[in-house]
Amino acid sequence: MTILDLLDRIRRDWQTCEPRLDTSPMLTFITLTRAQALLDEHVRATAPHADLTAATRDLLFTLYRSGTPDGLTPGELAALLAVSPASVTGSLDRLEARGLLRRTPDAQDRRAQRIHLTDAGRDLVRHHLPVHLRREEELLSPLNVTERQQLEHLLRRLIVHAETQQA
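Definitions and cut-offs
Residues numbered from 1 in each chain as written. Predicted model: local features only at pLDDT ≥ 70, side-chain atom pairs only at ≥ 80, totals over all residues. Heavy atoms only, no water. Helix = DSSP H or I, 4+ residues; strand = E, 2+ residues; numbered from the N terminus. Rg over C-alpha atoms; globule rule 2.2 N^0.38 Å. Buried < 20%, exposed > 50% of the residue type's maximum accessible area, 1.4 Å probe, protein only. Contact = heavy atoms within 4.5 Å. Expected span 1.5 Å × (residues − 1). Bend = angle between axes of the 7 residues up to and from the residue. Core = buried A, V, L, I, M, F, W, Y, C linked by side-chain atoms within 4.5 Å. Pairing = 2+ DSSP bridges. Salt bridge = Lys/Arg side-chain N within 4 Å of Asp/Glu carboxyl O. pLDDT = per-residue confidence, 0-100. Patch = residues over 30% accessible without salt bridge, like charges linked within 9 Å, V, L, I, M, F, W, Y side chains within 5 Å. Areas by Shrake-Rupley, 256 points an atom, 1.4 Å probe, with all protein chains shown as cover.

## Some remarks on the overall build of the protein chain
- Looking only at helices and strands, the protein chain has seven helices and two strands in total.
- Start at the N end of the protein chain and walk to the C end: the helices and strands fall as α-α-α-α-α-β-β-α-α.
- A globule of 167 residues ought to have a C-alpha radius of gyration of about 15 Å, yet the protein chain, at 20 Å, is considerably larger.
- Taken along the three principal axes of its C-alpha coordinates, the protein chain extends 65 × 40 × 30 Å.
- Burial status across the protein chain gives 24% buried among its 167 residues.
- Contacts spanning at least 24 positions in sequence make up 50% of the contacts within the protein chain whose residues lie at least 6 apart.

Structure representation (structure tokens):
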């Protein structure tokens, strides 16, 4: 059964089970989460030799693009990744053990640490980034430029709305 078949089955089952309820919001969420999971699976497969999860890949890419010569604190890194600082710790430990990043004491605050990519980490990003981008391009290829912009615009609207609901 393909994912589209599954989505159609879920829609039919809800229409049969609860014909008076509008289950379309749930079906939109299911479609988004299934698409995200499938796309992540394809992207993750771009570099099996690098042994990167989505979280560790994003962390390395973030350090590469946003890291300063002084490095980033774990809190700054978490903010740029839009995750909690606690969720970054395990990834930092794994990447440090692999020699892809290093922690140094903060010059201003001895209690704090700064995170830096190592040469090996930068080399991995430089090697993996073009492969990663090519795979994302392939996955987005059914959409033209205008459709991609529309999709991004619509998703950004959902994000803004969801963020205002949290406040």
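## Structural notes on helix α6 (residues 119-140)
- Between its first and last C-alpha, α6 extends 31 Å over 22 residues, near the 32 Å set by a 1.5 Å rise per residue.
- H128 marks where α6 bends most, by close to 30°; the proline P130 follows one to four residues later.
- Restricting attention to buried positions, one finds in α6 the residues G121, L124, V125, H128 and H132.
- Tucked into the core, α6 has its buried residues touching α2 (24-44), α3 (54-66) and β2 (113-117).

## Let's talk about the nonpolar core
- If you look at the biggest cluster of nonpolar residues, it comprises 19 residues, and the most contacted ones within it are L59, L60, L63, L77, L92 and L101.
- When contributions to this core are tallied by element, the ones reaching two or more residues are α3, α4 (74-81), α5 (85-97), β2 and α6.
- It is α3 that provides the largest number of residues to this core, a total of four residues.
- Leaving out residues up to four positions away in the same chain, L101 has contacts with L59, L63, L92, L95, E96, I115, H116, L117 and T118.

## Re the pairing of β2
- Among the five residues of β2, four are classified as buried, and the element is accordingly described as predominantly covered.
- Summarising the sheet, strand β1 (residues 101-105) and β2 pair through five bridges and their orientation is antiparallel. Bridge pairing links P105 to Q113 in β2.

## Overview of the pattern of salt bridges
- Scanning all chains against the criterion turns up 12 salt bridges.
- The residue R57 makes a salt bridge to D58 at a minimum N-O spacing of 3.5 Å.
- Overall, the relative accessible area of 34% leaves D58 in the partly exposed class.
- A salt bridge links D119 to R122; its shortest N-O distance comes to 2.6 Å. A residue pair is termed a helical-turn pair when its members lie 3 or 4 positions apart in one helix, as D119 and R122 do in helix α6 at three residues.
- A relative accessible area of 55% means that D119 is categorised as exposed.
- Among the ionic contacts, a cluster of salt bridges with common partners joins E76, D106 and R114.

## Some details on the side chain of T73
- Within the secondary structure layout, T73 lies in the loop between α3 and α4.
- Leaving out residues up to four positions away in the same chain, T73 has contacts with D106, Q113, R114 and I115.

## Some points on the confidence of the model for the protein chain
- The pLDDT averaged across the protein chain works out to 91; a share of 99% of its residues lies at or above 70.
- Across the protein chain, β2 holds the top mean pLDDT of 95, while α2 sits lowest at 89.

## Some thoughts on unusual backbone geometry
- Positive phi is not limited to glycine here, since A82 has a value of about 60°.
- Position of A82 relative to the elements: it lies in the loop between α4 and α5.

## Considerations on a nonpolar patch on the surface
- Side chains of L32, L151, L155 and L158 sit close together on the surface and give an oily, nonpolar patch of about 320 Å² of accessible area.
- Element by element, the count of residues in the nonpolar patch is highest for helix α7 (residues 145-166), at three residues.
- Within the secondary structure, L32 is located in helix α2.
- Here L32 falls in the partly exposed class, since its relative accessible area comes to 40%.

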